[in-house]
Amino acid sequence: MRMASIQLKVVEESKDKALEHASQMIRQCRGADLILLPELWNIGFMSFDCYRKEAETQEGPTLTLLRTLAKELSCHLHTGSFVEQRGDRLYNSSFLLDPRGEILGSYQKIHLFTYQSQEAEILTPGTSITVIPTEFGNFGLATCYDLRFPEFFRKMLDQGAEFFLISSAWPYPRLEHWLLLNRIRALENLSCLISSNCVGINRGTQFVGHSQVVDPMGQIIAGSNDEECVVWAEVNRDIVLRARVEFPALKDRVFKT
């Protein structure tokens with residue numbers, strides 16, 4: 001599986017310009033089997049004043065555009081997340097699209113960030129994890145702050161996850177936390193982790209970037225700095241299956257969910 005994690009800068013001028021910029025970056029990833037985007041990239045995570053007015057349904061401009069691009073590039077596309085409106089509630093939602101632009105599944109962020117953040121005041125937390133089977137393996141979806149909760153990843157593991165796809169808007173100064181947690185979540189679950197993090201400045205907050213592809217033994221296959229870029233890597237399900245056979249720690253678990 002040839003994958004491309006787009007480390008996207010936040011465009012604060014307008015959502016239209018953010019969508020245009022993302023389209024350009026996505027089209028640079030032609031030939032990828034899987035493309036990932038970061039968290040709330042279309043308005044910026046710190047733009048709390050925009051959450052309500054910029055919320056979209058699944059028929060809104062963001063998901064509509066990404067479905068078109070997934071079909072155009074004939075690839076699986078992890079949409080990153082956007083503020084989704086469902087009835088009178090708002091969620092931090094991400095979607096996985098197939099090469100026809102169809103929705104394979106979605107995830108509503110469960111762990112909403114409360115530290116110096118209004119996310120939990122405005123949004124409703126999701127209630128269920130999401131693991132999606134594909135031709136490349138089983139993809140578990142997570143968003144940013146979820147990384148701090150190991151039990152969340154164990155639940156995905158127990159539902160068959162082999163890859164973790166992480167969309168994020170992780171800021172400075174907690175770079176070391178980000179680097180550490182990416183590797184730990186992969187290693188402790190003997191799974192491959194692919195993350196896409198924002199870069200640039202949003203409402204005065206700078207994001208750390210450093211999107212990564214981590215193998216099941218916690219080794220970084222590919223990574224980046226804190227500038228806008230695309231992180232490319234070749235990964236496949238065999239490295240997960242082989243790691244779990246060669247180092248069968250998961251079979252030795254005593255406490256299981």
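Preceding block: the structure.
What counts, and at which threshold
Residues numbered from 1 in each chain as written. Predicted model: local features only at pLDDT ≥ 70, side-chain atom pairs only at ≥ 80, totals over all residues. Heavy atoms only, no water. Helix = DSSP H or I, 4+ residues; strand = E, 2+ residues; numbered from the N terminus. Rg over C-alpha atoms; globule rule 2.2 N^0.38 Å. Buried < 20%, exposed > 50% of the residue type's maximum accessible area, 1.4 Å probe, protein only. Phe/Tyr/Trp six-rings, centres within 6.5 Å; stacked < 30°, edge-to-face > 60°. Lys NZ or Arg CZ within 6 Å of the ring centre and 35° of its normal. Pairing = 2+ DSSP bridges. Salt bridge = Lys/Arg side-chain N within 4 Å of Asp/Glu carboxyl O. Axes fitted to C-alpha atoms, helices over the stretch in contact; angles between N-to-C directions. Contact = heavy atoms within 4.5 Å.

Draft legend 1. The overall build of the protein chain, seen in detail. Helix and strand content of the protein chain: seven helices and 14 strands. For a compact globule of 257 residues, the expected C-alpha radius of gyration is about 18 Å, and the protein chain comes in at 17 Å, within 12% of that figure. For the protein chain, the C-alpha atoms occupy an extent of roughly 50 × 40 × 35 Å along the three principal directions. The buried share of the protein chain, reckoned over its 257 residues, is 59%.

Draft legend 2. Just the packing of aromatic side chains, in detail. For the structure shown, the criterion picks out eleven aromatic pairs. Look at Phe-82 and Phe-95: their rings are 5.7 Å apart centre to centre, the planes differ by 10°, and that puts the pair in the stacked class. Residue Phe-82 is found in strand S3 (residues 76-86), and its partner Phe-95 is found in strand S4 (residues 89-97); the two are separated by 13 residues along the sequence. The class for Phe-95 is buried, based on a relative accessible area of 1%. Where Phe-152 meets Phe-153, the ring centres are 5.4 Å apart and the plane angle is 80°; that geometry is what we call edge-to-face. Owing to a relative accessible area of 0%, Phe-153 belongs among the buried residues under this scheme. Ring-pair connections join several aromatic residues into one group, and the members of that group are Tyr-107, Phe-152, Phe-153 and Phe-164. Its end group placed over the ring of Tyr-91, Arg-86 keeps NZ or CZ at 6.0 Å from the ring centre.

Draft legend 3. Broad picture of the pairing of S3. Across the eleven residues of S3, nine count as buried, placing the element largely inside the fold. Where S3 lies against S4, eight bridges are found, and the strand directions are antiparallel. The partner of Ser-81 across the bridge, within S4, is Ser-94.

Draft legend 4. Representation of the pattern of salt bridges. Throughout the structure, instances matching the rule amount to 15 salt bridges. We note a salt bridge from Glu-84 to Arg-86, for which the minimum N-O separation is 2.9 Å. The buried category is assigned to Glu-84, whose relative accessible area is 1%. Taking relative accessible area as the criterion, Arg-86 reaches 35% and is therefore assigned partly exposed.

Draft legend 5. Fine view of the sheet that holds S3. In space, the six strands of this open sheet follow the order S5-S4-S3-S2-S1-S14, with mixed pairing throughout. Strand pairing shows two members of the sheet lacking a second neighbour, strand S5 (103-108) and strand S14 (229-234), which therefore form its edges. For this sheet the average axis-to-axis angle between neighbouring strands, irrespective of direction, equals 25°. Those strands touched by helix H3 (residues 61-73) are strand S2 (34-36), S3, S4 and S5, and its axis lies near 165° from that of S3.

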